[in-house]
Amino acid sequence: MFSLKNKKAVITGGGSGIGRAIAVLFAKQGAEIHIIDLTIESAQEAVAEIQKSGGKVFSYACNVADQKEVSATFEKIGNINILVNNAGIANVGKVDTTTESDFDRVMDVNVKGVYNCLYAAIPQFRISNGGVIINMASIAAWVGIPDRFAYSTAKGAVMAMTLSVAKDYMHENIRCNSISPARVHTPFVDGFISKNYAGKEAEMFEKLSKSQPIGRMGKPEEIAALALYLCSDEAGFITGCDYPIDGGFIKLNN
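Here's a quick rundown of the structure. This is a predicted model, so every value here is computed, not measured.

Section: the pairing of strand S4 (residues 82–85)
The alternating pattern of S4 places Ile82 and Val84 on one face and Leu83 and Asn85 on the opposite face, and all of these are buried. Sheet analysis places strand S1 (residues 8–12) next to S4, joined by 3 bridges and oriented parallel. Residue pairing in the sheet places Val10 in a bridge with Leu83 of S4. Of the strand pairs in this sheet, S4 and strand S5 (residues 131–136) are connected by 4 bridges, and their pairing is parallel. The partner of Ile82 across the bridge, within S5, is Val132. Crossover connection from S4 via helix H4 (residues 100–127) to parallel S5: handedness right-handed.

Next up, the structure:
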């Protein structure tokens, strides 16, 4: 079950965190992996891990916010079977404390970046007679999270894009779903805490961990396991859905 043998998978932001866990697991299940990250260096550790296990992997330096770069990269890769739109950035701020430049930066990566990859991937899916798309959304699209105005806005857009793509390409054998994690312990989170809560890292880590009713952050491998199911043939009847994976955050946080 859940074999990805003979599948070609593109994973944006695949060099670390959730993206890396997805790349490693998909390779283990037989997929040929194509990692898109901001620099080749940022993907090196993920590439080495996959190669060490005998997997087939390629990496590309590409800014997902730049449509020309994205289109050129997807043309190099050619026909694909799976796209995981995972690249994203965060921002702290309410609407009146979010600068225009910060808002534009988040939209460029988290919204336009997803659009650019979808735009470039659809022709490649057609060559393969269909495929599967996973967009990484967030519980921030479902619930109000303090000081995350731009991020929440962007992830709401990602969820809406998921529905639109699922509807428009259903009859071309292209499935599209999204995953909405709560907080997941990644280097991204560690960097975010140290940048925004200097001197209070341990305290904030504990606070953010306990904000999930289950009492801890998620693991990248847990998100990867859900992505694997949704991209497998066993999930062939699923499209146009969002899957919260949140330790009870949405329904049980009261």
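Side note on the side chain of Thr12
With respect to the helices, strands and loops of the structure, Thr12 is situated in strand S1. Residue classification places Thr12 among the buried residues on the basis of a relative accessible area of 2%. Polar contacts involving the side chain of Thr12 include one to the main-chain amide nitrogen of Ala87, which spans 2.9 Å. Once you skip the residues sitting within four places of it in the chain, Thr12 turns out to touch Ile36, Val64, Val84, Asn85, Asn86, Ala87 and Cys117.

The rules behind these values
- Residues numbered from 1 in each chain as written.
- Predicted model: local features only at pLDDT ≥ 70, side-chain atom pairs only at ≥ 80, totals over all residues.
- Heavy atoms only, no water.
- Buried < 20%, exposed > 50% of the residue type's maximum accessible area, 1.4 Å probe, protein only.
- Helix = DSSP H or I, 4+ residues; strand = E, 2+ residues; numbered from the N terminus.
- Pairing = 2+ DSSP bridges.
- Right-handed = clockwise from strand over helix to strand, strands pointing away.
- Polar contact = N/O pair within 3.5 Å; in protein donor to acceptor, adjacent residues only side chain to side chain.
- Contact = heavy atoms within 4.5 Å.

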